[in-house]
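As a plain string of letters, each chain reads:
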Amino acid sequence: NACGATTVQYFDGLIDDVRIYNRALSTDEIKRLYKMGATFHINQPKASESLERGLVGLWSFDGPDLAGIIAYDRSVSGNNGTLTNGPLRTLGKIGQALSFDGVNDYVDVGNSTTHRPTSAISFGAWVRSVNVATDALRIIDNEPAGSLNGYILSMGATTNGTFAARIGGTLI
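What counts, and where the lines are drawn
Residues numbered from 1 in each chain as written. Predicted model: local features only at pLDDT ≥ 70, side-chain atom pairs only at ≥ 80, totals over all residues. Heavy atoms only, no water. Helix = DSSP H or I, 4+ residues; strand = E, 2+ residues; numbered from the N terminus. Buried < 20%, exposed > 50% of the residue type's maximum accessible area, 1.4 Å probe, protein only. Contact = heavy atoms within 4.5 Å. Areas by Shrake-Rupley, 256 points an atom, 1.4 Å probe, with all protein chains shown as cover. Core = buried A, V, L, I, M, F, W, Y, C linked by side-chain atoms within 4.5 Å. Arc of directions from axis to C-beta. Phe/Tyr/Trp six-rings, centres within 6.5 Å; stacked < 30°, edge-to-face > 60°. Lys NZ or Arg CZ within 6 Å of the ring centre and 35° of its normal. Salt bridge = Lys/Arg side-chain N within 4 Å of Asp/Glu carboxyl O.

Some points on the overall build of the chain
Link 1 in the chain: Tallying secondary structure elements over the chain gives two helices and 14 strands in all.
Link 2 in the chain: Within the span of the chain, comprising 172 residues, buried residues form 42% of the whole.
Link 3 in the chain: Summarising the internal contacts of the chain: among those between residues at least 6 apart in sequence, 58% fall at separations of at least 24.
Link 4 in the chain: As displayed, the chain has an accessible area near 8,600 Å², and 54% of this comes from carbon and sulfur atoms.

Looking at the nonpolar core
Link 1 in the chain: Ranked by internal contacts, the top residues of the largest apolar core, which has 20 residues, are Phe61 and Val107.
Link 2 in the chain: Listed by contribution, the elements that provide at least two residues to this core are β2 (12–21), β3 (55–59), β8 (96–101), β11 (137–141) and β12 (151–155).
Link 3 in the chain: Tyr21, Leu51, Leu58 and Ile94 belong to the second-largest nonpolar core, a separate cluster that totals eight residues.

Remarks on helix α1 (residues 27–36)
Link 1 in the chain: Buried within α1 are the following residues: Glu29, Leu33 and Met36. The buried residues of α1 all sit within an arc of 60° when viewed along its axis, so they share a single face. Facing away from the buried side of α1, by more than 90 degrees, are the exposed residues Thr27, Asp28, Tyr34 and Lys35.

Side note on the environment of Leu98
Link 1 in the chain: The residue Leu98 is located in strand β8 in this model.
Link 2 in the chain: It is 9.7 Å that separates the C-alpha atoms of Leu98 and Val127, two residues lying 29 residues apart in sequence.
Link 3 in the chain: If we skip the residues at most four places from it in the chain, Leu98 touches Gly13, Leu14, Ile15, Phe61, Leu66, Leu83, Pro87, Leu88, Arg89, Thr90 and Val107.

As for the side chain of Asp17
Link 1 in the chain: Its place among the elements puts Asp17 in strand β2.
Link 2 in the chain: Assessed through its relative accessible area of 4%, Asp17 is described here as buried.

A look at the packing of aromatic side chains
Link 1 in the chain: Considering all chains together, one arrives at two aromatic pairs under this definition.
Link 2 in the chain: Between the aromatic rings of Tyr34 and Trp126, the centroid separation amounts to 5.9 Å while the plane-to-plane angle is 35°, which identifies the pairing as tilted. Residue Tyr34 is found in helix α1, and its partner Trp126 is found in strand β10 (residues 122–129); the two are separated by 92 residues along the sequence.
Link 3 in the chain: For Trp126, a relative accessible area of 22% gives the class partly exposed.
Link 4 in the chain: Above the plane of the ring of Trp126 lies Lys93, whose end atom (NZ or CZ) is 5.3 Å from the centre.

Comments concerning the pattern of salt bridges
Link 1 in the chain: Scanning all chains against the criterion turns up four salt bridges.
Link 2 in the chain: Arg53 is the partner of Glu29 in a salt bridge, and the nearest nitrogen-oxygen pair spans 4.0 Å. Within this pair, whereas Glu29 is found in helix α1, its partner Arg53 is found in the loop between α2 (49–52) and β3, the two being separated by 24 residues in sequence.
Link 3 in the chain: Via salt bridges that share partners, Arg23, Glu29 and Arg53 belong to a single interconnected network.

Shown next as structure tokens:
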């Protein structure tokens, strides 16, 4: 239920444009999301109709989408997050990002059932890790404490700095 937080390891680095979909994205949609970050963007529109379909979580961390310690969810779900323990605003891949210190920073977006699709899921974020020497640096974490009934997107030493995802306890 947090971006950047975990009971295993807190993320150390930048996270930008976190998205959760309740459907599988097409290859073309994934390419479009990638191309959105291929060049530097400031205050430019980022969405298209197909990229809004099934979007159940969108935290851009851009200036207009942050107010004090609130990170607005710009999806139809409206599950705003709370910046916890001081992640800092910084330049991101697409506009503005948040910088996490790897000690205790995270964004708590609650435990809404809208973030737990039952048939298909796609999730993503632009990330830059400062340190992948430790393991299981969670970028997106929707596993209730003590349970594997959720999903995570993480990176770490055992995956040689690459990403790993687990859904319902199964590493995919």
